[in-house]
Amino acid sequence: MRRTTRLLVSAAAALFIAALAQVGLKSARTSPSAPSPVAATPAVSPSDASSRPVVAAPAKPPPLSSSDRLAELDRSAAAGDVDAAAEFGGLLGVCGHYSPVSAANIEESVVTGMAAGLEPPQIAGTPAPPELVILLMQQAQPELDQRCAGIDVKQLWEGQARAPALLERAADAGRIQAMLDYSRHAFAGYGGVNDMLSQMDEIARRKQKARAYLRRAASLGEARALLLLGDAYASGPLEKIDPQQAYAYMSAFFRSAAAQDWPPRLRELYLQTLAQHLDAAQLAQARAQGLQLYRDFEAGAPLR
Amino acid sequence: MRRPGLALVLLVTALLAWRFWPAPRLPAPDASPPPPAELTAPAMQAEPAPSARPAPAVAPAAAPAAPVEPPLPPHLRTARRLSEVFDELLRRAESGDVSAMRELGSRLVRCRDSSLRRLRREIREDSEVRPGLNAAAQANARRQQENLRDDIADCEAVPDAVRNSGLDWMERAAATGSGAAQVDYVEFAFGAFMQMDDDEVVAEIDEIRRRRDLARRFVAEAMAHCAPRASFVQYYWGDLLFDHGDARAYAINLAAATDAVARLDIAEGAPATIVQGRQRQFESALRGFDAAARAEALRRGEAQFKACAGR
């Protein structure tokens, strides 16, 4: 019994750690009824990078085994194919922590972990409510299932350190999905704090790049960049934690078409959680700022 | 509580496998013993005691020793709890007492948010009484937990605005030119960084780099003033102090710092195991580089040592 509890706590810990990181991967939709476009395939071609993103045709899953698919992507990326670099880097970064799990099991793991005293992820410096953690994880899971299905996760562990360079190359070539993935996995592959500190100038470079990619992706019409910026202001580490900015970006995202299939309770709870850190004047300001961000986003204007 | 189903068990297994799988590491310096070194490495040289020998012309000229600040009254250094001496230390530090700045700073560094988070984590992780422990060990574990809780409470008693200012006080002390304060700054700043988690490093990277650059300046000044422990700190934190941009230059810097400390060890009669350990580190730092790199590292290490020999 004791061992079972410890296992569940560890599992819930892993889920907590992954929760917010994964939620930003939910497919963007240009309208609530549009098909899911951009999971494993880039949304835009290089020539599209300066214009609004184009919805890509849904990709058919390639009839390859996991190892063959990864090897093929690796070869193509090495040969200079930036689409392959985007996809391979994304798989290495995103799917390394993937596990197929049902909504019910997510709930049970989170509840068990909380009951055992596990610290949930922080939002604006305070623990996220369990319901919010569950909803965020449940929101993220289908996209992860779509993106990572058929991949043997064990084959990704050794290669995670390669993800940032692959994603950076693809993002520099205008691949929006790679920009988003880079913002989440720019620091993959470091062997702990010692390792990061000994390369602190590279850490600083990657951080700047990740922040710039999110703003670039937003200016290219990618609503998920607003979500990831909101998350960065809510929980770090790419931005200094600022509940007012987090509220503004999250509310801008929730206005977008991409968020219309998000459960209303999730949207409400996330904003409520942030609002707890704001007084009335700050909240009013955050709402106004969110509206302005959304208008700028819709107009394709650079974020202020 | 419902029993988890099969799917959850599979999930748990998969997640645990992921969680405990070793993270990919970038290549680390080879710590294995090197082949026998030539008899030019410092540890193998029978050198006269530094005090018996004047510094040669090749050694960098050492600046006059920095002024030494008057010591603090003993109770300010020995009080177990910061709360017992906080007001007095703060008053002295604010009036420009460098020793008080150092003492206050070093105590406050342990109260930083990241340090407290780490203490709380330790308490949480150690809170389960392990069944294998005997009664004495359990009592000892409980005592340690109580001490940790007292440490946290002591820090929490400090006003929030001051609690994270430890490194700022140490910076202020070091900026006065005190060699001891400069050495302290390097040790405490880098020690504090090591308490951070990955996300904190990313979040604070600009401040970390600013402090790293300051540490570089302070350690250079402390070396120039022959401050006690300056050579050792340069060697110990060389991985963070020296620029990694040029691998050869980095290796030479690291090896030179190791060589300087090895010479100090010999001069101070350190045990042979320590001296041999430094020699292995010297060789390891230069593995893969040519004889010219080795000679340059030895030349610089000797110069660093001789600049302060006998002082």
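Residues numbered from 1 in each chain as written. Chains lettered and ligands numbered in written order. Predicted model: local features only at pLDDT ≥ 70, side-chain atom pairs only at ≥ 80, totals over all residues.

*Asks:* Explain the overall build of chain B residue by residue, including any values.
*Replies:* Looking only at helices and strands, chain B features 16 helices and zero strands. In chain B, which comprises 311 residues, the proportion classed as buried is 35%. Taking contacts inside chain B between residues at least 6 apart in sequence as the whole, the part at least 24 apart equals 75%. (Helix = DSSP H or I, 4+ residues; strand = E, 2+ residues; numbered from the N terminus. Buried ≥ 20, exposed ≤ 12 C-beta atoms within 10 Å, placed from the backbone. Contact = placed C-beta atoms within 7 Å.)

*Asks:* Let's hear about unusual backbone geometry: which residues, and what values?
*Replies:* For the peptide bond that leads from Gly236 of chain A to Pro237 of chain A, omega is -10°, which places it in the cis range. Here Pro237 of chain A lies in the loop between helix H11 (224–235) and helix H12 (243–255). Phi at Ala124 of chain A takes a positive value of approximately 50°, unusual for a residue other than glycine. Following the sequence through the fold, Ala124 of chain A ends up in the loop between strand S1 (122–123) and strand S2 (126–127). By the C-beta count within 10 Å, which is 21 here, Ala124 of chain A ends up buried. Backbone geometry places Cys226 of chain B, a non-glycine residue, at a positive phi of 55°. Note that Cys226 of chain B resides in the loop between helix H11 (205–224) and helix H12 (230–236).

*Asks:* Explain the nonpolar core to me, using residue names and the numbers behind them.
*Replies:* Among the nonpolar cores identified, the biggest contains 74 residues, and Leu226 and Tyr249 of chain A are the most heavily contacted of them. If you tally residues by element for this core, the top one is helix H5 (residues 130–148) of chain A, at nine residues. Among residues more than four places away in sequence, those in contact with Leu226 of chain A are Ala218, Tyr249, Ala252, Phe253, Ser256, Leu293 and Phe297 of chain A. In terms of nonpolar packing, the next biggest core, distinct from the first, is built from 71 residues, Phe190, Trp237, Leu240 and Ala309 of chain B among them. (Core = buried A, V, L, I, M, F, W, Y, C linked by C-beta atoms within 7 Å.)

*Asks:* Account for the environment of Asp168 of chain B, with residues named and values stated.
*Replies:* All names here are of chain B. Looking at the element boundaries, Asp168 is found in helix H8 (residues 166–175). On the neighbour-count criterion, Asp168 (13 C-beta atoms within 10 Å) is partly exposed. The sequence separation of Asp168 and Ser178 amounts to 10 residues, and the corresponding C-alpha distance is 15 Å.

*Asks:* I'd like a rundown of helix H14 (residues 247–267) of chain B, residues and numbers included.
*Replies:* With 21 residues, H14 of chain B ought to run about 30 Å at 1.5 Å a step, and its terminal C-alpha atoms sit 30 Å apart, in line with that. Immediately beyond the C-terminal end of H14 of chain B, within one or two residues, lies Gly269 of chain B, with a positive phi of roughly 75°. (Expected span 1.5 Å × (residues − 1).)

*Asks:* So what about helix H2 (residues 66–78) of chain A? Which residues, and what values?
*Replies:* All names here are of chain A. For H2, spanning 13 residues, the distance from its first C-alpha to its last is 18 Å, which sits close to the expected 18 Å at 1.5 Å a residue. For H2, the complete set of buried residues consists of Arg69, Leu70, Leu73 and Ala77. The buried residues of H2 occupy an angular sector of 95° when projected down its axis, which confines them to one face. What points out from H2, more than 90 degrees from its buried face, is the exposed set Ser67, Asp68, Arg75 and Ala78. (Arc of directions from axis to C-beta.)

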